[in-house]
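# Commentary on secondary and tertiary structure
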Amino acid sequence: MATLEIATMRSRLSRLCQECQPHLARQLSETLPHPTTLLWNTIVIGFICNNMPAEALSLYSYMRNSSPNTKPGPYTFSSALKTRPCIVTFFAPFPTQL
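The structure presented is a predicted model; accordingly, all values stated were derived computationally and were not measured.

With 17 residues, the main nonpolar core has Leu-13, Ala-25, Leu-39, Ile-43 and Leu-59 as its most contacted residues. Of all the elements in the fold, those that place two or more residues in this core are helix H1 (3-18), helix H3 (37-49) and helix H4 (53-66). The element contributing the most residues to this core is H3, with seven residues. Once you skip the residues sitting within four places of it in the chain, Ile-43 turns out to touch Leu-13, Cys-17, Pro-22, Ala-25, Arg-26, Ser-29 and Leu-59.

Quick look at the environment of Thr-42 now. On the secondary structure map, Thr-42 appears in helix H3. Of the residues examined, Thr-42 reaches a relative accessible area of 10% and is grouped as buried. The sequence separation of Thr-42 and Ser-11 amounts to 31 residues, and the corresponding C-alpha distance is 9.1 Å. Once residues within four sequence positions are removed from consideration, Thr-42 is found in contact with Arg-10, Leu-13, Ser-14 and Cys-17. Here the side chain of Thr-42 touches Arg-10 through a polar contact of 3.3 Å, side chain to side chain.

Rules used in this analysis
Residues numbered from 1 in each chain as written. Predicted model: local features only at pLDDT ≥ 70, side-chain atom pairs only at ≥ 80, totals over all residues. Heavy atoms only, no water. Core = buried A, V, L, I, M, F, W, Y, C linked by side-chain atoms within 4.5 Å. Buried < 20%, exposed > 50% of the residue type's maximum accessible area, 1.4 Å probe, protein only. Helix = DSSP H or I, 4+ residues; strand = E, 2+ residues; numbered from the N terminus. Contact = heavy atoms within 4.5 Å. Polar contact = N/O pair within 3.5 Å; in protein donor to acceptor, adjacent residues only side chain to side chain.

What follows is the structure, given as structure tokens:
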């Protein structure tokens, strides 16, 4: 994917996330033959910003396991860690299972 195409797609994905539609952004990204780490990061952050930590972690996990050419980088990992307070609150009765 060319740099201009990546920038255009990232802009579209970011806009969808800003409009509280990160699920639609994810669906759009699934139509791409080889999404880049930058595009994945945009959607992970979109889920986090829309208070959807479970979806962000699910996408992070999917990213780690699905594509041999696209792996999460340090920014992706740190973004996924931002979901931890929400996940801890969600699993409050079972904190040792995290």
